[in-house]
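Here's the letter readout for the chains.
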Amino acid sequence: MGLFGCFLIIWIGIIVLTIRRVVQGKWNEKAKFFLYWSLFPFPLILHPKRFGPIKSWLLFIISPCMMLIYCIALCILIMYSMFQTEKGIPQSIPYRTNVDLKRITGVEFPEVTPVDSSWHDDFSSCETAIKFVPNKPLEKDFFLELRTVCKKDSCCWSKDSFGYHYFIYPDRPIDRTKGTHIRQVELDGEMVNDWDGDYIQVFIPLKGDTIYVSDGWCR
């Protein structure tokens, strides 16, 4: 429920109790003022004759109604900061050559050149994306190898109408040529795949004119 929920329940409970006292004729003057101060304190700063300007402003600022407004504003600011996304160009990229691509996928790639990169960070994820172009047009043998690996390594490789996809939550340091695979954690005494944390994904469109690599983290 949180602090905000507790405050709201207490505030409503006090108001209900005060209304009951007013109806019963008890604490009449003070109860009416408290009710007025709790629900609608704004006239205090417009007509400060009863308490004076300083005390009227103080009562207005600490009134339950204003406290509720403060809490709502704070929640909005927190939510806004949580979903704020920062974008930019990375100072360095983790992968540059076909050797790097083979290390993270286990597949022999032709020579490539990184031509573009971007970076973004938000509350739940952080990712560096790199765009490669092959130095020479991708040949049929390369796509044949991709189709083969989609069957042999189907937990990480797949194909759809757009192209070939590779996705892994890797064990670090990753080197698929040496057998590293999806990282695992112990759960109830059993080792299971860890689906939370840093990931790597690769996409090769069917056209074969580009290769996209993303290295990121998510929760």
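Residues numbered from 1 in each chain as written. Predicted model: local features only at pLDDT ≥ 70, side-chain atom pairs only at ≥ 80, totals over all residues. Heavy atoms only, no water.

Draft legend 1. Just the side chain of S117, in detail. Summarising the element assignment, S117 is placed in strand 2 (residues 112-121). Classification of S117 as buried rests on a relative accessible area of 17%. When sequence neighbours within four positions are dropped, the list of residues in contact with S117 reads I89, P90, I93, A129 and I130. (Helix = DSSP H or I, 4+ residues; strand = E, 2+ residues; numbered from the N terminus. Buried < 20%, exposed > 50% of the residue type's maximum accessible area, 1.4 Å probe, protein only. Contact = heavy atoms within 4.5 Å.)

Draft legend 2. Highlighting the packing of aromatic side chains. Taken as a whole and judged by the stated rule, the model has eight aromatic pairs. Measuring from ring centre to ring centre gives 5.8 Å for F142 and F143, while their planes differ by 70°; the resulting arrangement is edge-to-face. Grouping residues by exposure puts F142 and F143 together as buried. By way of ring pairs, the aromatic residues F109, F142, F143 and Y164 are connected into one cluster. (Phe/Tyr/Trp six-rings, centres within 6.5 Å; stacked < 30°, edge-to-face > 60°.)

Draft legend 3. View of the state of the cysteines. Across all of its chains, the model carries zero disulfides by this definition. Here C155 stays free of any disulfide, with the sulfur of C156 as its closest cysteine sulfur at 3.8 Å. The partly exposed category is assigned to C155, whose relative accessible area is 48%. (Disulfide = S-S within 2.5 Å.)

Draft legend 4. Fine view of the sheet that holds strand 1 (residues 86-88). Taken in spatial order, the seven strands line up as 1-2-3-9-8-5-4 in an open sheet, and their pairing is antiparallel. Across the chains shown, the open sheet's two edge strands, defined by having one partner strand only, are strand 1 and strand 4 (157-159). Going from strand to strand, the sheet's axes swing by 15° on average, the running direction of each strand aside. As paired elements, strand 2 and strand 3 (residues 125-134) share nine bridges and run antiparallel to each other. Within strand 3, the residue paired with W119 across the bridge is T128. Running at roughly 115° to strand 4, helix 7 (residues 140-152) makes contact with strand 4, strand 5 (163-168) and strand 8 (197-205) of the sheet. (Pairing = 2+ DSSP bridges. Axes fitted to C-alpha atoms, helices over the stretch in contact; angles between N-to-C directions.)

Draft legend 5. Focus on helix 6 (residues 98-105). Taken as a whole, helix 6 has its buried residues at N98, D100, L101, I104 and T105. Seen end-on, helix 6 carries its buried residues on one side only, within an arc spanning 155°. Contact partners of the buried residues in helix 6: strand 2, strand 3, strand 4, strand 5, strand 8 and strand 9 (211-218). Of the residues one or two after helix 6, G106 is the one with positive phi, at around 85°. (Arc of directions from axis to C-beta.)

Draft legend 6. Up close: the pattern of salt bridges. Applying the stated criterion across every chain yields a total of seven salt bridges. Put simply, R176 and D153 hold a salt bridge, and the shortest N to O gap is 3.0 Å. A residue pair is termed long-range when its members are at least 10 positions apart, and R176 in the loop between strand 5 and strand 6 (184-187) and D153 in the loop between helix 7 and strand 4 qualify at 23 residues. Residue class for R176 comes out buried when judged on its relative accessible area of 13%. Across the pair D194 and R183 runs a salt bridge whose closest N-O atoms are separated by 2.9 Å. With D194 in the loop between strand 7 (190-193) and strand 8 and R183 in the loop between strand 5 and strand 6, the pair connects residues that are eleven residues apart, well separated along the chain. When its relative accessible area of 16% is taken as the criterion, D194 is described as buried. (Salt bridge = Lys/Arg side-chain N within 4 Å of Asp/Glu carboxyl O.)

Draft legend 7. View of unusual backbone geometry. The amide bond that connects R172 to the next residue, P173, takes the cis arrangement and shows omega of -5°. For P173, the position within the fold is in the loop between strand 5 and strand 6. The phi dihedral of D188 is positive, around 55°, even though this residue is not glycine. Here D188 shows up in the loop between strand 6 and strand 7.

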